[in-house]
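Per-entry structural report
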Amino acid sequence: MKFSHLIEINDPLNPLIDSLTREQLWRGLVMRAEQPLLFVEHLDDCRLSDKSVQSVTRELRYGKVVVKDVVSYLPLLQVRYQVPKQQDIAGSSLIMTIEEPEQEMLFVRFEYEDDAVQRQPAAQAEQEFYDEFRRSAYQEADIDTIRVIRELAADGKLG
């Protein structure tokens, strides 16, 4: 499954929305990677290792399920999550890219891809239903990510 969507961060025509700087948005996206408990409701624990300016390795625990991933950074531009295939989990990726088509007009593009195998035609309709559910869940989670980043910025935690 491949899926992408765009979330507008700053709208110069809407004075009701507090604008974020590119740096604040970047710090928020990095914070989502390195402090995911602030962003992910059902996450029980996260352990970081091999942390550098370019990347961090994480071990996330959701109840009894443990997921390992690597998050890499292109400063002020992109955060890339890579989940290798493990146990019953297919490999997948999420790329969050900051886009600025005009000065101070910021967006974040969220791009998802997974390595799930194609189903037989009889199961195709069921898979399409499941994929649509996942797309909706991803989009809601991403909207929530931006909401949390806005709250952190308003609280002065992003500079």
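Provided above is the structure to which this section pertains.
Residues numbered from 1 in each chain as written. Predicted model: local features only at pLDDT ≥ 70, side-chain atom pairs only at ≥ 80, totals over all residues. Heavy atoms only, no water.

**Regarding the overall build of the chain**
Cut-off, in case you're wondering: In this text, helices come from DSSP runs of H or I with a minimum length of four residues, and strands from runs of E with a minimum of two, each type numbered from the N-terminal end. Radius of gyration here uses only the C-alpha atoms, and the compact-globule reference equals 2.2 Å multiplied by the residue count raised to the power 0.38. Accessibility here uses a 1.4 Å probe with only protein chains present; expressed as a share of the type maximum, an area under 20% marks a residue as buried, one over 50% as exposed, and anything in between as partly exposed. Contact definition: two residues touch when any of their heavy atoms are within 4.5 Å.
Tallying secondary structure elements over the chain gives 2 helices and 7 strands in all. Here the C-alpha radius of gyration of the chain, 17 Å, is about what a compact globule of 159 residues would show, namely 15 Å. For the chain, the C-alpha atoms occupy an extent of roughly 50 × 35 × 25 Å along the three principal directions. Put simply, the chain has 159 residues, and 37% of those count as buried. Looking at the chain alone, contacts between residues at least 24 apart form 44% of all its contacts between residues at least 6 apart.

**A word on the pattern of salt bridges**
Definition in use: The working definition used for a salt bridge is a side-chain nitrogen of Lys or Arg within 4 Å of a carboxyl oxygen of Asp or Glu.
Within the structure shown, the criterion is met by 13 salt bridges. The partner of Arg-135 in a salt bridge is Glu-132, and the shortest N-O contact between them spans 3.3 Å. Pair noted here: Arg-135 and Glu-132 are both in helix H2 (residues 121-154), with a separation of 3 residues, about one helical turn.

**Describing the packing of aromatic side chains**
Cut-off, in case you're wondering: We call Phe, Tyr and Trp rings a pair once their centres come within 6.5 Å, taking the six-membered ring for Trp, and we label the pair stacked below 30 degrees between planes, edge-to-face above 60, and tilted otherwise.
On inspection of all chains with the given rule, the structure shows 3 aromatic pairs. With centroids separated by 6.1 Å and ring planes inclined at 25°, the aromatic side chains of Phe-3 and Tyr-112 adopt a geometry described as stacked. On the criterion of sequence distance, the pair formed by Phe-3 in strand E1 (residues 2-8) and Tyr-112 in strand E7 (residues 105-114) is long-range, its members being 109 residues apart. Among the residues examined, Phe-3 registers a relative accessible area of 14% and is labelled buried. On the accessibility criterion, Tyr-112 (9% relative accessible area) is buried. Counting every residue linked through ring pairs, the aromatic cluster contains Phe-3, Tyr-112 and Tyr-138.

**Considerations on the pairing of strand E3 (residues 55-62)**
We apply this condition: At least two bridges found by DSSP between two strands are what make those strands a pair.
Summarising the sheet, strand E2 (residues 45-49) and E3 pair through 5 bridges and their orientation is antiparallel. Residue pairing across strands places Leu-48 opposite Arg-58, the latter belonging to E3. One ladder, built from 8 bridges, connects E3 with strand E4 (residues 65-74); its direction is antiparallel. Along E4, the bridge assignment pairs Tyr-62 with Val-65. Linkage of E3 to E4, two consecutive antiparallel strands, is achieved through a turn of 2 residues, within which Gly-63 is found at a positive phi near 60°.

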